[in-house]
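Fold and contact review
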Amino acid sequence: MRQSFTSRSLILAILTGACLAAGTPVMAQESEDGVAIGNAPAILPANPSDAGDIDRGKRDDSATGDATTLDRAGKNAAPPPVKGGKVTAGAKGDDALQGINIYLRMGAPLPDLPPEKPFTGEADEAYGAFQRGLFLTAVDKALPRAQLGDPAAQTLLAEIMSRGLGVKRDPKGAAFWYAQAAQGGDTSAMFKYALLLMEGREVERDKAKADDYMKKAADGGNGSAQFNWAQILVSQNPGVRGLTLAMPYYEKAAEQGIADAQYALAQIYSVLKDVPPDKKKRTREWMERAAKAGFDTAQLDMGLWLVNGVNGPRDYEAGYRWLSIAAKRGNVVAQNRLAHVYINALGTPPNPVEAAKWYVLSRRAGLKDPTLEDFYLGLNEEQQKQAIDRANRFRRS
């Protein structure tokens, strides 16, 4: 799947946000028991083709460069620009294809990851070269092992070829090696190959096979696969049943630091009645972890929970801080709610001009609010002028 999906849409109709789907844009559907969820992600499949040769010739983006030297300025010498679960501005075409796995989000401190298990095996020279940016060395060391059936080497080779690191970008060759590594049991390759099977660009679309590999990758411990398998379960099983089936996978993905899973888990714990008390008390914790990871929808909901005393005591100051963070990052709903916070002096001194500024910004984005409109019209001309000026400066910053 493409990464340009709306990952901010919430899977729960009764939840305040939109579905978490990191897949193609989802349309809300009403389940029989009244819980609306997103439709199943577009499942796309594959037919391994010949891996072909690794082209070490000139790069597509350089008239003089040669792949025998690492050109760190070339567009193919680095991964496509990715921020959070979406492709950043500038990513086009195939560069936008990064699947539905969730990358680390930028902008806010990340929660601590679980401690790594001590490594007692031999160092992998191919991966070591890859981590140091020596991509051609990595290819030279991985290719012989890949040809002999080493799944880890096959996965590394597929990554290098799919992203054009040191060699010419070769999506079909990458698909071949992902398929080989997936058959060999590598969970990362299973996840990536499942995405290719869902997309159906380089391989033949095969939903059943995609689901099979996604589940195997999830059960094998891949955090991104766990999140996406949970999404598939929710989409395929409307209502409470789907949420209940998906919850263990959301929990596993959340523990691995997947912000979207942390957000989903917080919402599920919040709305399902039969969640055990020891899990229920962690509801705010998961929302806060997603918020700290830079997920602006989680920042919005965390602010609202704190202001309204949902799933814990009220804390106006903390609620104001989270709403401010989300509003400054461009979340339109947070901008609207922040205007109300300034008017009612919740966690911050009253500031009519600042309240009007945030209302102007949210109104320009299409969010109507009759209460705030009446408030704005009640300001004097100078205050309105200041608010518009601040809104204009915010947009230019």
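Structure: see above.
Residues numbered from 1 in each chain as written. Predicted model: local features only at pLDDT ≥ 70, side-chain atom pairs only at ≥ 80, totals over all residues. Heavy atoms only, no water.

The helix and strand inventory of the protein chain stands at 17 helices and four strands. When burial is assessed residue by residue, the protein chain has 50% of its 397 residues classed as buried. Accessible surface, the protein chain as shown: approximately 18600 Å² in total, 52% of it carbon and sulfur. (Helix = DSSP H or I, 4+ residues; strand = E, 2+ residues; numbered from the N terminus. Buried < 20%, exposed > 50% of the residue type's maximum accessible area, 1.4 Å probe, protein only. Areas by Shrake-Rupley, 256 points an atom, 1.4 Å probe, with all protein chains shown as cover.)

The final tally for this structure, using the stated rule, is eight aromatic pairs. Ring centres of W358 and F394 lie 5.2 Å apart, and the angle between their planes is 70°; this geometry places the pair in the edge-to-face category. Here W358, found in helix α15 (residues 352-364), pairs with F394, found in helix α17 (residues 381-396); they are 36 residues apart in sequence, far enough to count as distant. The partly exposed category is assigned to F394, whose relative accessible area is 21%. Between the aromatic rings of Y359 and Y376, the centroid separation amounts to 6.1 Å while the plane-to-plane angle is 55°, which identifies the pairing as tilted. A residue pair is termed long-range when its members are at least 10 positions apart, and Y359 in helix α15 and Y376 in helix α16 (residues 370-377) qualify at 17 residues. Looking at Y376, the relative accessible area reads 7%, which means it is buried. One cation-aromatic arrangement involves K216 over Y213; the distance from NZ or CZ to the ring centre is 5.8 Å. (Phe/Tyr/Trp six-rings, centres within 6.5 Å; stacked < 30°, edge-to-face > 60°. Lys NZ or Arg CZ within 6 Å of the ring centre and 35° of its normal.)

All right, on to helix α12 (residues 296-308) then. When the terminal C-alpha atoms of α12 are compared, their 18 Å separation across 13 residues agrees well with the 18 Å that a helix rising 1.5 Å per residue should span. Counting buried residues along α12, 12 of its 13 residues qualify, which places the element largely inside the surrounding structure. Listing the buried residues of α12 in full gives D296, T297, A298, Q299, L300, D301, M302, G303, L304, W305, L306 and V307. Summarising the contacts, the buried residues of α12 are in contact with α9 (259-271), α11 (283-292), α13 (316-328) and α14 (332-344). Of the residues flanking the end of α12, it is G309, one or two places downstream, whose phi is positive at about 70°. (Expected span 1.5 Å × (residues − 1). Contact = heavy atoms within 4.5 Å.)

Let us now look at the pattern of salt bridges. Close approach of charged atoms allows side chains of opposite charge to pair. Enumeration over the complete set of coordinates arrives at 18 salt bridges. Its salt-bridge partner being E159, residue R163 comes within 3.2 Å of it at the nearest N-O pair. Within this pair, R163 and its partner E159 are both found in helix α3 (residues 151-163), separated by four residues, close to a single helical turn. Take E159: its relative accessible area is 15%, and that puts it in the buried class. The partner of K215 in a salt bridge is D219, with the nearest N and O atoms 2.6 Å apart. (Salt bridge = Lys/Arg side-chain N within 4 Å of Asp/Glu carboxyl O.)

With that settled, the discussion passes to the side chain of E354. Relative to the assigned elements, E354 resides in helix α15. Overall, E354 belongs to the buried group, its relative accessible area being 12%. Within polar-contact distance, the side chain of E354 engages the side chain of R390 at 2.8 Å. Excluding residues within four positions of it along the chain, E354 makes contact with Y342 and R390. (Polar contact = N/O pair within 3.5 Å; in protein donor to acceptor, adjacent residues only side chain to side chain.)

Before going further, it helps to spend a moment on the packing of helix α6 (residues 207-219) against helix α7 (residues 223-236). Contact pair α6 / α7: the axes reach a minimum separation of 8 Å and the direction vectors enclose 130°. For the element pair α6 / α7, the angle class is oblique. Crossing geometry of α6 relative to α7 is assigned as left-handed. Only A225, Q226, N228, W229, I232 and Q236 of α7 make contact with α6, whose side of the interface consists of K207, D211, M214, K215, A217 and A218. Here the residues of the contact of α6 with α7 are counted per class, giving six nonpolar, three polar and three charged. (Axes fitted to C-alpha atoms, helices over the stretch in contact; angles between N-to-C directions. Parallel < 35°, antiparallel > 145°, perpendicular 65-115°, else oblique. Left-handed = near helix turned anticlockwise from the far one by under 90°. Nonpolar A, V, L, I, M, F, W, Y, C, P; charged D, E, K, R; others polar.)

Turning our eyes to something else, we now look at the environment of P171. For P171, the position within the fold is in helix α4 (residues 171-183). Distance in space between the C-alpha atoms of P171 and M161 is 6.7 Å, their sequence separation being 10 residues.

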